[in-house]
Amino acid sequence: MTSKTLIPRREFLGASGVLTGLIAAGSPLALLAPSRAWALELKALSSSDGATLMAVARTLAPHDKLDDAAYALVIQAVDAEAAKDPQVLAMLRDGMRTLGPAFATAPEATRVQQLTAIEASVFFRTLRTQTFGVLYATPLAYAYFGYEGEAFSKGGYLLRGFNDLHWLPEVPPEDSGPVPGA
């Protein structure tokens, strides 16, 4: 018979965290989400760690109108790696210790300055890679940026989205360049 180490409830709750938030009512993300409220359970990181890492992700990829729910997916991916690998967790904690406890609430200019000072660190490179790799590959970001996703499975772009350039101004035909054969 083996002995099991029991973790006191207070210590267990202190070791795990939850990120929560609300999706803005007029946001494109509100169309995708079943509810405006969201919550993300963290396995290895605390709630304050999650808030600090979310501030890092928002500073690295600043989109003021993109809801926190999209950035929370980055934190979920980072947390999953930290839960699997104690060295990753230690590296994250060291990086957050370097940034300080007030990083998440600091003004953006201060956050940029602090991140610039550590941009050669493994912590910074890891967070930058995760932020860009996860954030821009999610349906939440696709909806925000108006990207409809890959087109092959939907019949291609020719009859679906080829000429959906609503964000460009209309150009009169006479201003579009030389006419071939004229």
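See the structure shown above.
Visitor: Got a sec to walk through the overall build of the protein? Specific residues and values, please.
Guide: The secondary structure content of the protein amounts to 8 helices and 2 strands. Here the protein, with 182 residues, has 34% of them falling under the buried criterion. Contacts spanning at least 24 positions in sequence make up 64% of the contacts within the protein whose residues lie at least 6 apart. When the accessible surface of the protein is summed, it comes to about 12100 Å², and 60% of that surface belongs to carbon and sulfur atoms.

Visitor: Any chance you could break down the nonpolar core for me, citing the residues and the numbers?
Guide: Counting 35 residues, the largest nonpolar core has Leu53, Val56, Leu92, Leu115, Phe123 and Leu127 as the members making the most contacts within it. Mapped by element, the contributors of at least two residues to this core are strand E2 (37-42), helix H3 (47-60), helix H4 (68-84), helix H5 (86-99) and helix H7 (122-135). Looking at this core, the element that brings in the most residues is H4, giving 8 residues. Excluding its chain neighbours within four sequence positions, the residues that come into contact with Leu53 are Leu45, Ile75, Val78, Met96, Phe123 and Leu127.

Visitor: Report on the packing of H5 against H7, specifying residues and quantitative values.
Guide: It is the contact of H5 with H7, at a shortest axis distance of 9 Å, that shows an interaxial angle of 105°. Comparing the axis directions of H5 and H7 gives the class roughly perpendicular. Contacts from Met91, Leu92, Gly95, Met96 and Leu99 in H5 reach Val122, Phe123, Thr126 and Leu127 in H7. For the contact of H5 with H7, the class distribution of residues is 7 nonpolar, 2 polar and no charged.

Visitor: Got a sec to walk through H4? Specific residues and values, please.
Guide: Along its 17 residues, H4 runs 24 Å from first to last C-alpha, staying within 8% of the 24 Å computed at 1.5 Å per residue. Those residues of H4 lying buried are Ala69, Ala70, Tyr71, Ala72, Val74, Ile75, Val78, Asp79 and Ala82.

Visitor: Run through the packing of aromatic side chains, naming residues and quoting values.
Guide: Here the structure, examined in full by the defined rule, presents 4 aromatic pairs. Each ring, one from Tyr136 and one from Phe145, has its centre 6.0 Å from the other, and the planes form 50°; the classification is tilted. Residue Tyr136 is classed as partly exposed on the basis of its relative accessible area, which comes to 33%. Accessibility expressed as a relative area gives 42% for Phe145, which makes it partly exposed. Both rings, one in Tyr142 and one in Tyr147, keep their centres 4.8 Å apart while their planes meet at 80°; by these two values the pair is edge-to-face. According to the relative accessible area criterion, Tyr147 is partly exposed, its value standing at 41%. Through pairs of rings, three or more aromatic residues link up here, namely Phe132, Tyr136, Tyr144 and Phe145.

The rules behind these values
Residues numbered from 1 in each chain as written. Predicted model: local features only at pLDDT ≥ 70, side-chain atom pairs only at ≥ 80, totals over all residues. Heavy atoms only, no water. Helix = DSSP H or I, 4+ residues; strand = E, 2+ residues; numbered from the N terminus. Buried < 20%, exposed > 50% of the residue type's maximum accessible area, 1.4 Å probe, protein only. Contact = heavy atoms within 4.5 Å. Areas by Shrake-Rupley, 256 points an atom, 1.4 Å probe, with all protein chains shown as cover. Core = buried A, V, L, I, M, F, W, Y, C linked by side-chain atoms within 4.5 Å. Axes fitted to C-alpha atoms, helices over the stretch in contact; angles between N-to-C directions. Parallel < 35°, antiparallel > 145°, perpendicular 65-115°, else oblique. Nonpolar A, V, L, I, M, F, W, Y, C, P; charged D, E, K, R; others polar. Expected span 1.5 Å × (residues − 1). Phe/Tyr/Trp six-rings, centres within 6.5 Å; stacked < 30°, edge-to-face > 60°.

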